[in-house]
Amino acid sequence: MSEIKLKLAKPKVAAIVLAVFFLILAGVLFTGQMIARQYQPVDPADKSMVDIVIPEKTGARQVADILYNERLIHKQNVFLAYCQKNAFDSRLKAGHYRFSRSQSLKEIVDDIVQGRVVNISFTIPEGYTLEQIGRMLMKKQLCSQEEWKRSVRQDYDFAFLKALPLENEKRLEGFLYPETYFVPEDYNCQQIITLMLNNFEQVWQKKFAEQAQAKKWSVYQTITLASLIEKEARVPEERAVIAGVILNRLNAGMLLQIDASVLYALQRHKELVTYADLEVNSPYNTYKYAGLPPGPIACPGEASINAALNPQEHSYYYYVSKGDGSHFFSRTYNEHLQAQKEYGQ
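In this report, the structure presented in the accompanying data block is examined. Computed from a predicted structure; not experimentally measured.

1. Some details on the overall build of the chain
Part 1 of the argument: Helix and strand content of the chain: twelve helices and six strands.
Part 2 of the argument: The proportion of buried residues among the 345 residues of the chain is 42%.
Part 3 of the argument: The long-range fraction of contacts in the chain, counting pairs at least 24 apart against all pairs at least 6 apart in sequence, stands at 62%.

Put into structure tokens, the structure is as follows:
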């Protein structure tokens, strides 16, 4: 009887072992699924944004608490385990973030590790002056008037600025490149200016430096000419034509007589320049002083810089506004006078 009992016991032991194995496997799978669910969004349908601020020197546990309290993660311990496993727990960056509950834990952690903080955007239109850019940044509350005045007088380490004296308050005119920028909220005025100057340098070196060198033009001459084109041209296809007119007049020793330079000297915008305005005593008044103005009168965009370096060759010396943004171009002064009469100038 004892032998029979031993033989019957073996299948029972095997069944118990197998049952335990399946229980453990089920437990592992269940635990894995539970953890996997903890990685998923808290609410995939909730796209609304939640603002959080992670202060400086905040540890991973405090970050987990901030996220959990805003219902952006399921469990703090899962967040901590994930960070520790991937060596992220010491790489979480402070700042202002904006998340939604439809984001996964991995996405949220990745944003914090990469420091993808909330940015403020602003656009510098082509043809904006230094003064207009300053007013825009003040309106965006990115700097105060005092910070702006102080920052434009700082020494920035760019080769194209080396020849300009620091006391020249207009030394940055023309070089704050027109573009849409995204900056963190804690960027100061100098950092923003550096960003724009760096953008200019990259565009200049990549697209225009070689052309200017071939013409033996300095960056300052080129941008000064480009700024005149930017302010005068309203129709894109006329940029190269106007560049040709300006160069024709320079080569002939004629006064440029560009209204935009007079307005820059006056430091105000007007639709029409009066004869009284033409009397302003400023080196930027191209009705009084020959040659190019002493510096740019605005920040030109890529198209105007390109036109300055690639002017259209023609025999025009004059142009008059037609009232619709376009111009009528003339070869002689008599033709110009007739055009003025025709277009009511």
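2. Some remarks on the packing of aromatic side chains
Part 1 of the argument: Applying the stated criterion across every chain, the model contains 16 aromatic pairs.
Part 2 of the argument: Look at Tyr 318 and Tyr 333: their rings are 5.8 Å apart centre to centre, the planes differ by 50°, and that puts the pair in the tilted class. Pair noted here: Tyr 318 is in strand β5 (residues 318–321) and Tyr 333 is in helix α12 (residues 333–342), with a separation of 15 residues, a long-range link.
Part 3 of the argument: Tyr 318 sits in the buried class, given a relative accessible area of 15%.
Part 4 of the argument: Residues Phe 328 and Tyr 343 carry aromatic rings whose centres are separated by 6.1 Å and whose planes lie at 40° to one another, so their mutual orientation is tilted. With a gap of 15 residues between them, Phe 328 in strand β6 (residues 327–330) and Tyr 343 in the segment after α12 connect regions that are remote in the sequence.
Part 5 of the argument: For Tyr 343, a relative accessible area of 23% gives the class partly exposed.

3. Quick notes on the packing of helix α2 (residues 60–69) against helix α3 (residues 76–85)
Each pair of packed helices can be described by the angle between their axes along with the distance between the axes.
Part 1 of the argument: With their axes 9 Å apart at the nearest point, α2 and α3 run at an angle of 135° to one another. By the criterion of interaxial angle, the relationship of α2 to α3 is oblique. The handedness of the crossing between α2 and α3 is right-handed. Taking contact as the criterion, the partners of Ala 60, Arg 61, Val 63, Ala 64, Asp 65, Leu 67 and Tyr 68 in α2 are, on α3, Gln 76, Phe 79 and Leu 80.
Part 2 of the argument: Split by residue class, the contact of α2 with α3 holds seven nonpolar, one polar and two charged.

4. Let's talk about the pairing of strand β1 (residues 49–54)
Part 1 of the argument: Here β1 shows a clear split, with Val 50, Ile 52 and Ile 54 buried on one side and none of Met 49, Asp 51 and Val 53 buried on the other.
Part 2 of the argument: With six bridges connecting them, β1 and strand β2 (residues 95–100) associate as antiparallel partners. From the neighbouring strand, Ile 54 faces β2, where its bridge partner is Gly 95.

5. With respect to helix α5 (residues 130–139)
Part 1 of the argument: If you check which residues of α5 are buried, you get Leu 130, Ile 133, Gly 134, Met 136 and Leu 137. Down the axis of α5, the smallest arc covering the buried residues is 160°, so these residues share one side.
Part 2 of the argument: Residues of α5 that are buried in the fold lie against β3 (119–123), α6 (145–151) and α7 (189–215).
Part 3 of the argument: Phi for Gln 141, located one or two positions after α5, is positive at around 60°.

6. What about the packing of α7 against helix α11 (residues 302–309)?
Part 1 of the argument: As a packed pair, α7 and α11 sit with axes 10 Å apart at the nearest point and diverge in direction by 20°. The angle between α7 and α11 falls in the class roughly parallel. Between α7 and α11 lies a crossing whose hand is left-handed. In contact with Trp 204, Lys 207, Phe 208, Gln 211, Ala 212 and Lys 215 of α7, α11 contributes Glu 302, Ile 305, Asn 306 and Leu 309.
Part 2 of the argument: Here the contact of α7 with α11 is composed, by residue class, of five nonpolar, two polar and three charged.

So, how was this worked out
- Residues numbered from 1 in each chain as written.
- Predicted model: local features only at pLDDT ≥ 70, side-chain atom pairs only at ≥ 80, totals over all residues.
- Heavy atoms only, no water.
- Helix = DSSP H or I, 4+ residues; strand = E, 2+ residues; numbered from the N terminus.
- Buried < 20%, exposed > 50% of the residue type's maximum accessible area, 1.4 Å probe, protein only.
- Contact = heavy atoms within 4.5 Å.
- Phe/Tyr/Trp six-rings, centres within 6.5 Å; stacked < 30°, edge-to-face > 60°.
- Axes fitted to C-alpha atoms, helices over the stretch in contact; angles between N-to-C directions.
- Parallel < 35°, antiparallel > 145°, perpendicular 65-115°, else oblique.
- Left-handed = near helix turned anticlockwise from the far one by under 90°.
- Nonpolar A, V, L, I, M, F, W, Y, C, P; charged D, E, K, R; others polar.
- Pairing = 2+ DSSP bridges.
- Arc of directions from axis to C-beta.

These figures capture arrangement, not role.
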